[in-house]
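Residues per chain are reported as follows:
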Amino acid sequence: MKSDQEFKLIEGVFQPEEAQKLLMEMINTKINFHNLDAFSNHIRFNTSISNSNARVNELNETAEKLKLLMEYARDHNLELEIKSNISITLKNV
């Protein structure tokens, strides 16, 4: 199996409402993941949650910027072309 792989997650043109729904769902899923993972690790292993909290803050800031972009697109009758890929590299532990 190749150690570096690319996957296409999103590719298309969207109305602002569709784009906002799609992107906010992705961000909210990541925020929930970090919150649950941090809580679980903190309870089980008494680990710090500062890295997860920092990432959640970054994601919340991104969400706010995206909301502003969607409002602008809506106000100016614009569509959004969105492309999103994910790159994965397999590494030895």
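Everything numeric here is computed off the predicted structure, so don't read it as measured data.

(A) Examining the environment of Ile31 more closely. Summarising the element assignment, Ile31 is placed in helix α1 (residues 16–45). Taking the C-alpha atoms as reference, Ile31 lies 9.6 Å from Glu58; in sequence the two are 27 residues apart. Among residues more than four places away in sequence, those in contact with Ile31 are Val56, Leu59 and Asn60.

(B) Layout of the environment of Asn46. Assignment of secondary structure puts Asn46 in the loop between α1 and α2 (50–75). Separated by 47 residues in the primary sequence, Asn46 and Val93 place their C-alpha atoms 23 Å from one another.

(C) Inspection of a nonpolar patch on the surface at higher detail. A cluster of nonpolar residues, Met1, Phe7, Leu9, Met26, Ile86, Ile88 and Leu90, forms a patch on the protein surface that exposes about 710 Å² of accessible area. Mapped by element, the contributors of at least two residues to the nonpolar patch are β1 (4–14) and β2 (80–89). Tracing the backbone through its elements, the reader meets Leu90 in the segment after β2. Overall, Leu90 belongs to the partly exposed group, its relative accessible area being 48%.

Reading the values: the criteria
Residues numbered from 1 in each chain as written. Predicted model: local features only at pLDDT ≥ 70, side-chain atom pairs only at ≥ 80, totals over all residues. Heavy atoms only, no water. Helix = DSSP H or I, 4+ residues; strand = E, 2+ residues; numbered from the N terminus. Contact = heavy atoms within 4.5 Å. Patch = residues over 30% accessible without salt bridge, like charges linked within 9 Å, V, L, I, M, F, W, Y side chains within 5 Å. Areas by Shrake-Rupley, 256 points an atom, 1.4 Å probe, with all protein chains shown as cover. Salt bridge = Lys/Arg side-chain N within 4 Å of Asp/Glu carboxyl O. Buried < 20%, exposed > 50% of the residue type's maximum accessible area, 1.4 Å probe, protein only.

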